[in-house]
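Residues per chain are reported as follows:
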Amino acid sequence: MFLHSVNLWNLAFYALMVFMATLGLWDVFFGFEENKCSMSYMFEYPEYQKIELPKKLAKRYPAYELYLYGEGSYAEEHKILPLTGIPVLFLPGNAGSYKQVRSIGSIALRKAEDIDFKYHFDFFSVNFNEELVALYGGSLQKQTKFVHECIKTILKLYKGQEFAPKSVAIIGHSMGGLVARALLTLKNFKQDLINLLITQATPHVAPVMPLDRFITDFYMTVNNYWILNARQINLTTLSVAGGFRDYQVRSGLTFLPKLSHHTSALSVVSSAVPKTWVSTDHLSIVWCKQLQLTTIRAFFDLIDADTKQITQNPKKKLSVLNHHFIRHPAKHFEENPSIISDLTGTSMWVPVKVSKWTYVAYNESDKIYFTFPLANHRKIYTHVYCQSTMLDTNSWIFGCINSTSMCRQGVDLSWKAELLPTIKSLTLRLQDYPSLSHLVVYVPSIHGSKFVVDCEFFKKETRSIQLPVTHLFSFGLSSRKVILNTSGLFYNIELLNFGQIYQAFKINVVSKCSGVKEEITSIYKLHIPWSYEDSLTIAQVPSTTEISVKLHIAQPENDSHVALLKMYTSSDCQYEVTVKTSFSQILGQVVRFHGGALPAYVISSILLAYGGQLYSLFSAGHCLEYATMLDKEAKPYKVDPFVIMIKFLLGYKWFKELWDVLLLPELDAIVLTSQSMCFPLVSLILFLFGTCTAYWGGLLSSTSVRLLSSLWLALKRPSELPKDIKIISPDLPILTVVLIIVSWTTCGAFAILLTYLYYVCKVVHLQASLTIFKNSQTVNPKHSRRSEKKSNHHKDSTAHPLRLSASDAEDSLRMHSTVINLLTWTVLLSMPSLIYWLKNLRYYFKLSPDPCKPLAFILIPTMALLGNTYTVSIKSSKLLKTTSQFPLPLAVGVIAFGSAHLYRVPCFVFIPLLLHALCNFM
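Residues numbered from 1 in each chain as written. Predicted model: local features only at pLDDT ≥ 70, side-chain atom pairs only at ≥ 80, totals over all residues. Heavy atoms only, no water.

**Concerning the pattern of salt bridges**
Opposite charge on two side chains permits them to pair, given that their charged atoms come into close proximity.
Part 1: The final tally for this structure, using the stated rule, is 22 salt bridges.
Part 2: Notably, a salt bridge pairs Arg592 with Asp27, separated by 3.7 Å at the nearest N-O pair. Here Arg592 is found in helix α12 (residues 583-594), whereas its partner Asp27 is found in helix α1 (residues 8-30), with 565 residues between them in sequence.
Part 3: Accessibility expressed as a relative area gives 14% for Arg592, which makes it buried.
Part 4: Judged by its relative accessible area of 2%, Asp27 is buried.
Part 5: Of the charged contacts in the structure, one is a salt bridge between Arg429 and Asp432, with a shortest N-O distance of 3.0 Å.
Part 6: Beyond isolated ion pairs, a larger network of salt bridges with shared partners links Glu44, Glu71, Arg110 and Glu113. (Salt bridge = Lys/Arg side-chain N within 4 Å of Asp/Glu carboxyl O. Helix = DSSP H or I, 4+ residues; strand = E, 2+ residues; numbered from the N terminus. Buried < 20%, exposed > 50% of the residue type's maximum accessible area, 1.4 Å probe, protein only.)

As structure tokens, this is what we get:
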């Protein structure tokens, strides 16, 4: 019956929307590189020693605990406190375990063993009872206060030691990183208690799903504090994102706000981290061996030799993090590197005058210095590029000042090099070094090893090639390409007109090589100059390589840089680079950046259909099918123009002042614009997806009601259609009071769920009764016609109570079907706090604070009344016309205020339901 009310064209449209949504979802959940993280293993059995907390603290936080991580002999030795190392506190995230500390703790322990425990770190971990803080924000403040107490407890464990720490380093995974930042907002918290903060896959900008106001309020408090007090905050902070593999927390949310006067914060995607170069999912970021090794190397370089603790020098901390996480020069970190190096000893000096040079080193017995005179090259070329496949940490390239054939001292240019997976490379602009007379490449004496060193001089314009990307609406049908004919080692492909998050492309690099016997490696690096989100692709040439190109962060308005595809190539190969739009990845970006707003668009579509049903009942006296009204009423032009108009008017001072006087919240579209998340036509796409979801959701709920009614009939044969309609039955007030008490004493979401189940049972009972009536009509049509006439006679008579006919029952079922759809989404949006409450039931019987309690107090009596409401009882209501007009502005309100604040959406749902219930009395 539901499908019969939809024509084939609309059905085809809904199927197309499902296909497009599936493409987008596939790109988000499967359209990324395979997991290239190596697993980190423990060499000895991991042990977690519970740290005894003060009794008052343990009583105040019964669900939380503090542990010290250890293995083998280290764990045995440190069971007897106090401790002597450097404290690091690990904070797990949403549903995270304190045992996730084991990967980084074990690697740190192995590193300490390598240096005979000259320095070592003590890794602590907090047990938050795996709370779902990303879904329910009511416990975030409690977690923050507990962490503050843990820090004070940890520092007490080092009292009396010669090098006792005065602060701790914190590693926060997911929401644990946000809790760490929130410490600074506590009244009695001293900022000096934290010397370093590293967050992994932490959504700093906004919550992934704003499902209750406690989460958004917590975010607002933390971010506002960090922005307003940026000059006073000197805490060095590093945020590491997982890249496109992390579909739980998109990387754009992990970037700390860039403030001109706050330079101690860094944000980077794991695919751009040197020696890591992989994308991680939300869980693997805590055990990815490549990333944890990088983190531990940074920790050991941060140690101050005098205090044997992490340095208090903010410049050194930032230098170390830049060295390990941003740009690695293939040298060990030095706080004050010696720029001038001695080039003495028994070495060969070989002059090189050609512009392109290659040297293959194998079993060299003598050190060799190759010198490149720059005077003649400056006249012809603008840049020099050198690379070496020997990935040791020794200096390898120098600049000589006023030299002839050899020099005793040279400027160490190795610090300006960049480490890549298979080479270390250096590009210099010659005019930046006017005092250099020679470039010197050093080849050490080696035995049994083979490596290659290349250098070439070039003009910038011959290696910088512009490639305009294809248009968004080309749908991959057209492409643009460039061919690299010259035999260079390095190219910059400038991707023009690429800087928005809704753009997505596939780049194909085809390499053809001549006379190549050995395997050659090429590196293609996508470089995004306005954020550290680079990604590398390694290709064995000749080959065809496909690279996905899309952004985590949109290009700022005042930024004029161009995204680059840096190609480290082979001089024996020719390369063809083709770019075309990827429609599936564009849909993936829509889902990735705006998928969380879909429930608001679904409910907006259902509200429009609901309003249409109420109006058809008022005007025509009967209620149309849900699917028919969805096709007729759920149109984007009824909603989007109003939101766009309000956004436009808010640009005027007088309208903004009026808006503020009315105490209206900020428009969600403005919030999204501030986060550079406004796609062209994104609201239209989401509205179509929402309407499609509302349609298929309606089909599912209608089918479910029919199946449940069949089950009902199989188990218990119900009575016929009710002869007398009673809005307030004898047991209704008792049920309402009981459910309100349940809401008050336990959890509002639990009471809402019970109310929803009660309402569904009433609808299923009505459906079963109607089925029995129709079956009896088929068996005895004369009796049924008499019953129908009798029912109509009673319905027309004012002297008798309202009687329910079969047509009225069908109308009522259509209306109830729409209400069930609205309630289903309301229950789903309230479900996170219910899950949190159930999970913590052994600690707390009453959820506090409870985001759903106010909603429950209104929804419970409303739904109790609607369960006994039939269309025949409200047809003549004076309030019906007004009620039918309310869903349209509420549908606009849902999009305007609920797309980025989902917890507001139920507030727009209960208003028309309440008016619908009141129609019984007015």
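**Concerning helix α19 (residues 732-745)**
Part 1: Taking 1.5 Å as the rise per residue, α19 with 14 residues should run 20 Å; its terminal C-alpha atoms sit 20 Å apart, in good agreement.
Part 2: Restricting attention to buried positions, one finds in α19 the residues Leu732, Thr736, Leu739, Val742 and Ser743. When α19 is viewed along its axis, its buried side chains cluster within an angular range of 125 degrees and face the same direction. (Expected span 1.5 Å × (residues − 1). Arc of directions from axis to C-beta.)

**Description of the UniProt feature "transmembrane region" (unreviewed entry) in the chain**
Part 1: The UniProt feature table records "transmembrane region" (unreviewed entry) at residues 12-32, 598-618, 667-689, 735-759, 819-839, 851-870 and 890-915.
Part 2: Each end of residues 667-689 is marked by a C-alpha atom, and these two atoms are 22 Å apart; helix forms 65% of the span and strand 0%.
Part 3: Across residues 735-759 one finds 92% helix and 0% strand; the C-alpha atoms that close the span lie 12 Å apart. (UniProt positions renumbered as here; feature names shortened; annotations may be inferred.)

**With respect to the pairing of strand β19 (residues 424-429)**
Part 1: The pairing of strand β15 (residues 383-388) with β19 spans 6 bridges and is classified as antiparallel. If you follow Gln387 over to β19, its bridge partner there is Ser425.
Part 2: Hairpin geometry of strand β18 (residues 418-419) and β19 is characterised by an intervening segment of 4 residues between the two adjacent antiparallel strands. (Pairing = 2+ DSSP bridges.)

**Some points on helix α5 (residues 140-156)**
Part 1: With 17 residues, α5 extends 25 Å between its outermost C-alpha atoms, agreeing within 8% with the 24 Å of an ideal straight helix rising 1.5 Å per residue.
Part 2: Those residues of α5 that fall on the buried side of the exposure criterion are Leu140, Gln143, Thr144, Phe146, Val147, His148, Cys150, Ile151, Thr153, Ile154 and Leu155.

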